[in-house]
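Secondary and tertiary structure notes
Residues per chain, in single letters:
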Amino acid sequence: MPGESLPEKIRVSVGSAIVLGLINGTLDAEPTTVYLLTYRPEKCAANCGFCPQARSSEGRADMLSRVTWPIFLTEQVVSSISSAVKTGSTRRVCIQTLNYPACIDDALSIIKKIRSLVDVPISISCQPLDQQQMERLCEAGVNRVSIPLDAATKEIFNRVKGRLAGGPYTWNTQRKALKTAVQVLGRGRVSTHLIAGLGEREQEIVQMIQWCVDLGVYPGLFSFTPIPGTALGNHPKGSLQSYRRVQLAHYLITQRKTRFEDMKFSSEGLIADFGLSEDEIRIAIETGSPFMTSGCPSCNRPFYNERPGGAIYNYPRQPSSDEIAEIEKQILT
Ligand code: SF4
């Protein structure tokens, strides 16, 4: 019966595997969500230019973004998740699916198995689904569905993960699936991913953030990270200063403190005014919150977009006052 038989193997992000006690190791920052990736020997059927799992990528098969994801027996992983939730060392489970025919059935059986053992919020990040598939996920107890847009414009979408990239996705289908997800799950239980640094203007990604929020979708912000062997492996990483401005705009819009329409942009599309007073901006910056990883609740994705010891784009924890002072200089100078 589809969605009943548990897949034998699954990938787990290396940080999550350490938190679950599946492997030994030390972490600069512990993930507060367990990150899982459905496993199959072949690569994904899709072909997103930034992803080592992409069909024609020559990137490492055990990587997603710059993180490694070793393979484990699913039974072992599910029981370790149950213990980790009970001890409070994890607050959410996120299942990322490769795109293949049985991926939703595999995800469903994993979700049902976890929920049969422990009560924990589960997110799934997957390709566009139809209404019936989303309803099955809801019945299985999924807490949030994420359908990554990744790109801020239709042109970039087509070039990076759509028709021009040899991918199965279209801009309209992706956005329609987000609308369907909101209808099925409700506002506030649907996420998407937006990657800054794929060639969009700040104005364009801020406008897309506003579109998501108005639809009832929470956009998790990612900073483009070039991965060896991928189609975009030689594409430059976006500037930290620009990312800081986009992070601040993301925070102010998702917190309903400003709107895209109230902001001003330079002729190059750079953020020139957030639509708030300097004091209001300074207060927001000094919380540190705008610069922390954004996504589903408890999703902190440590070092997904940067290496430990390097410049941190998404803080997986509360930034220190020294770090906030540094960020203030990055934004206000
Ligand atoms: S925002 Fe985080 S928890 Fe949510 S689907 Fe994306 S990676 Fe998973």
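Above this text sits the structure in question.
Treat the numbers as computed from the prediction; the structure is a model and nothing was measured. Within any chain, residue numbers begin from 1 and follow the written order of that chain's sequence. Given that this is a predicted model, residues contribute local features only at a pLDDT of at least 70 and side-chain atom pairs are listed and counted only at 80 or more, while totals for whole chains, interfaces and linings are drawn from all residues. Excluding hydrogens and water, the side-chain values take into account all heavy atoms of the structure.

In this section: the state of the cysteines. Such a bond, covalent and formed between the sulfur atoms of two cysteines, is termed a disulfide. Any pair of cysteine sulfurs within 2.5 Å is marked as a disulfide. Applying the stated criterion across every chain, the model contains zero disulfides. In this structure Cys48 is a free cysteine whose sulfur lies 6.3 Å from that of Cys51, the closest cysteine sulfur available. With a 1.4 Å probe rolled over the protein chains alone, any residue whose accessible area is under 20% of its type maximum counts as buried; one over 50% counts as exposed, and the rest are partly exposed. Using a relative accessible area of 11% as the deciding quantity, one classes Cys48 as buried.

Note on definitions: salt bridges are taken to be side-chain nitrogens of Lys or Arg within 4 Å of carboxyl oxygens of Asp or Glu. Enumeration according to the criterion identifies 14 salt bridges in this entry. For the salt bridge of Arg136 with Asp105, the shortest nitrogen-to-oxygen distance reads 3.1 Å. Of this pair, Arg136 sits in helix α4 (residues 131-140) while Asp105 sits in helix α3 (residues 103-117), and the two are 31 residues apart along the sequence. Of the charged contacts, one joins Arg259 and Glu261 as a salt bridge, the two residues approaching to 2.8 Å between their closest N and O atoms. Secondary structure elements are taken from DSSP: a helix is a run of H or I of four residues or more, a strand is a run of E of two residues or more, and numbering for both begins at the N terminus.

What follows deals with the sheet that holds strand β7 (residues 122-125). Pairing is mixed across the open sheet formed by eight strands, whose spatial order is β5-β1-β2-β6-β7-β8-β9-β10. What marks the edges here is a single partner per strand, and that holds for β5 (71-73) and β10 (217-223). Between one strand axis and the next, the sheet turns through 30° on average, direction left out of account. Pairing between two strands requires that DSSP report at least two bridges joining them. In the sheet, β7 pairs with strand β8 (residues 144-146) via three bridges, with the strands oriented parallel. In the strand pairing of β8, Ser123 is matched with Arg144. Against the sheet, helix α2 (residues 74-87) makes contact with β1 (9-12), β2 (33-38), β5 and β6 (92-96), and its axis sits at roughly 85° relative to β5, the strand it touches most. In this description, a line fitted to the C-alpha atoms serves as the axis of each element, helices being fitted only across the stretch in contact, and the angle between N-to-C directions of two axes falls anywhere from 0 to 180 degrees. We call two residues in contact when some of their heavy atoms are within 4.5 Å.

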